[in-house]
Structure formats: structure tokens, C-alpha cells
Amino acid sequence: MNIFSVVFVVFSLVLTVLRTVLTLCAIEPDTGFYGGMSALVQIQNVLFVLAAALLAVWVYWCVPKNSKVRPGRFVKLPALLLGAGGLLGGLSGLLGLWTELLAFTQGSQEVTLIGLAARVLAVPGALGLLAMAVPLFRAGQYRWGLWGSALAAIWMTVEAVACFMAYPTIANISDQTLEVTALCMGALFWLAHTRAVAQEKTLSCMPRQAKLWGPLFGLFAVPLSIAQLCGLLAGKVSAVHMGPLRQGMLLFLGCYAALWSLSLRAEK
């Protein structure tokens, strides 16, 4: 494990614990905004920004622009995470689509076109991830990887826009902000992943982006999803909490993205 991996793991653990404490003790369930512990809130804000900046500086300093990156051989666990995340994402999309269509037929004004588009795209996006996960687990190959990750990139992009438009107010690095940020990082990760897995043996496309966006996606997705799952188990259900399927989807895909990116090895 190199310094880059150590920095990511340490910051992820600290931010996960900190975010869980704030979710259980400081976030108002009715609004999703902070209701206390301002010192911890500011420490969290600084740590998120500092961790993202350190990871970005490390990648751009240590990964040459014209280098190549070689995939790691450890693929079983990432394949399981990819498949689990895709399955939960598809179920979450189908459930969300049914819920929004039902609300639309009942005359709800909260149903939006971009929200419906995100729910519809979740299904092919999730199927694309599953199409990558099965051959990756069985043979260590990204069969259908180009199309699978391209669908995931489109899905995450629309999800990020829909998530942003759904919130009337974006609080100071509260659940809404973290969810939007995680989805944006996810869209950028899947875009880099799309170009990278097109050349499975030696990934000569976008080595910096392939190394960077995965840990950043995981950095924001993992603390948010674990904190919300802990809040759900403790009965602290906030007005802006994601559903359990969506929480699990972000957790598994964030872990996959981080493991995939951290396993890449630069070579001349």
C-alpha cells in the first residue's frame, strides 16, 4: 500500500466517523440542516476540502501525463462491489420510477422531467454495470466494459443534475451537498473508466483521471452512505436521507471506484 492509498484510507475513515457522529447528533431530522456542534461541522468541511486537494495534488505530481497505467490483478472483490452496486442502483431506479409515476398520476407538482429521466436511465446504467461485473468476476475481463461504463457515466450525470434540482436549498456541506458532489465525482469517474477499460491490458488513456476520480468518488460517497445507514438504523431518518437501496448503491460503487483506481499501477 503506497502513500496515496494510505492518505485515502485515513481520510475516509476519519470522515466516515465524523459524518456519522454529525448525522446522529447534529443534523435536524425535519430539515437535514445542522442544528449544533458547529466546531465539528467546520472540521468536517476542512477535512473534505483538504483530502480532495491532497489526492488531486498527489495524482498530478506523481502520475506523468503521458504514462500508462496497468490494472491490478485483484479483481474478485471489485467485481462483487460493482455487481452489488449495479443491482441496488437498478432496483432503486425502478422503485423511484414507480413512485414518481404514481405521484404524477395523482397530480403531484414535485415530479420533474429530469427526475423521471434519472430514474429511467438508472435501469440501463445498472444493467451496464452488471454486464461488466459478471465477466470481470469469472475471467478478470471487462467484456462490455466500454458500453457498460459509458451508460453509467450518462446515468450519474443526469442523477447529479436531478439531485441538485430536487433540493430547494443546498446547505453547507450537509447531506444534499455531499450527495450532489458524490454523483458529480461518480459521473467523472465513469467517464474516465469508459476510456480506460477500452484498453484492458495497458490503459494509456487518461491515466491521471483514472487514478483521481475513483478515490474522490469514494471519498464523498462512502462517508455519506455509511452515515445515513447508521442514522437509519438508529431511527434518525432525515427529510433528505436517501433510501436504503440508494445508500447501498453509492456505498458499493464508491468502494469499487476507489479500489479500481488505487489498484492501477503506473509504468513507463
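Up top you'll find the structure we're talking about.
Residues numbered from 1 in each chain as written. Predicted model: local features only at pLDDT ≥ 70, side-chain atom pairs only at ≥ 80, totals over all residues. Heavy atoms only, no water.

Student: Would you mind showing me how to read the pattern of salt bridges here?
Tutor: Oppositely charged side chains can form a pair if their charged atoms are brought close together. Counted by the stated rule, this structure contains 5 salt bridges. When the shortest N-O distance is used, the salt bridge between Arg 119 and Glu 100 registers 3.4 Å. On the criterion of sequence distance, the pair formed by Arg 119 in helix 4 (residues 113-139) and Glu 100 in helix 3 (residues 76-105) is long-range, its members being 19 residues apart. Taken as a pair, Arg 119 and Glu 100 share a single burial class, namely buried. A salt bridge links Glu 159 to Arg 119, with the nearest nitrogen and oxygen atoms 2.7 Å apart. Here Glu 159 is found in helix 5 (residues 145-166), whereas its partner Arg 119 is found in helix 4, with 40 residues between them in sequence. Judged by its relative accessible area of 12%, Arg 119 is buried. Three or more residues are tied together by salt bridges with common partners; here these are Glu 100, Arg 119, Glu 159, Glu 179 and Arg 246. (Salt bridge = Lys/Arg side-chain N within 4 Å of Asp/Glu carboxyl O. Helix = DSSP H or I, 4+ residues; strand = E, 2+ residues; numbered from the N terminus. Buried < 20%, exposed > 50% of the residue type's maximum accessible area, 1.4 Å probe, protein only.)

Student: Looking at this structure, I do not really get the environment of Pro 223. What am I missing?
Tutor: Tracing the chain through its elements places Pro 223 in helix 7 (residues 207-233). Relative accessible area serves as the criterion here: at 0%, Pro 223 is assigned to the buried category. As a C-alpha pair, Pro 223 and Leu 178 span 45 residues in sequence and 9.1 Å in three-dimensional space. Not counting residues up to four positions away in its chain, the partners in contact with Pro 223 are Ser 12, Leu 15, Thr 16, Arg 19, Phe 48 and Gly 218. (Contact = heavy atoms within 4.5 Å.)

Student: What am I meant to see in the packing of helix 5 against helix 6 (residues 175-196) here?
Tutor: If you want to describe how two helices pack, look at the angle between their axes and the distance between the axes. Between helix 5 and helix 6, whose axes approach to 8 Å, the crossing angle comes to 160°. Here helix 5 lies roughly antiparallel to helix 6, going by the angle between them. Classified by chirality, the crossing of helix 6 by helix 5 is left-handed. Residue-level inspection shows Leu 146, Ser 149, Ala 150, Ala 152, Ala 153, Met 156, Thr 157, Glu 159, Ala 160, Cys 163 and Phe 164 of helix 5 in contact with helix 6, the latter providing Glu 179, Val 180, Leu 183, Cys 184, Gly 186, Ala 187, Trp 190, Leu 191, His 193 and Thr 194. Class assignment of the residues belonging to the contact of helix 5 with helix 6 gives a composition of 14 nonpolar, 5 polar and 2 charged. (Axes fitted to C-alpha atoms, helices over the stretch in contact; angles between N-to-C directions. Parallel < 35°, antiparallel > 145°, perpendicular 65-115°, else oblique. Left-handed = near helix turned anticlockwise from the far one by under 90°. Nonpolar A, V, L, I, M, F, W, Y, C, P; charged D, E, K, R; others polar.)

Student: Just checking my understanding: could you explain a nonpolar patch on the surface for this structure?
Tutor: Where nonpolar side chains cluster on the molecular surface, the patch consists of Val 6, Val 10 and Val 14 and spans about 210 Å² of accessible area. Note that Val 6 resides in helix 1 (residues 3-25). (Patch = residues over 30% accessible without salt bridge, like charges linked within 9 Å, V, L, I, M, F, W, Y side chains within 5 Å. Areas by Shrake-Rupley, 256 points an atom, 1.4 Å probe, with all protein chains shown as cover.)

Student: Where do I start with the packing of aromatic side chains in this structure?
Tutor: To describe a pair of aromatic rings, you give the distance between the ring centres and the angle between the ring planes. Under the defined criterion, the tally for this structure stands at 6 aromatic pairs. One aromatic cluster is present, formed by Phe 189, Trp 190, Phe 217, Tyr 256 and Trp 260 through successive ring pairs. It is Lys 76 that lies over the ring of Phe 137; its NZ or CZ is 4.4 Å from the centre. (Phe/Tyr/Trp six-rings, centres within 6.5 Å; stacked < 30°, edge-to-face > 60°. Lys NZ or Arg CZ within 6 Å of the ring centre and 35° of its normal.)

Student: What is the right way to read the nonpolar core from this model?
Tutor: Side chains that are nonpolar tend, in soluble globular proteins, to be buried together. Of all hydrophobic cores here, the largest spans 60 residues; its most connected members are Leu 82, Trp 190, Phe 217, Leu 219 and Trp 260. Contributing elements (two or more residues each) for this core: helix 1, helix 2 (38-62), helix 3, helix 4, helix 5, helix 6, helix 7 and helix 8 (244-263). By residue number, the principal contributor to this core is helix 6, which donates 10 residues. (Core = buried A, V, L, I, M, F, W, Y, C linked by side-chain atoms within 4.5 Å.)

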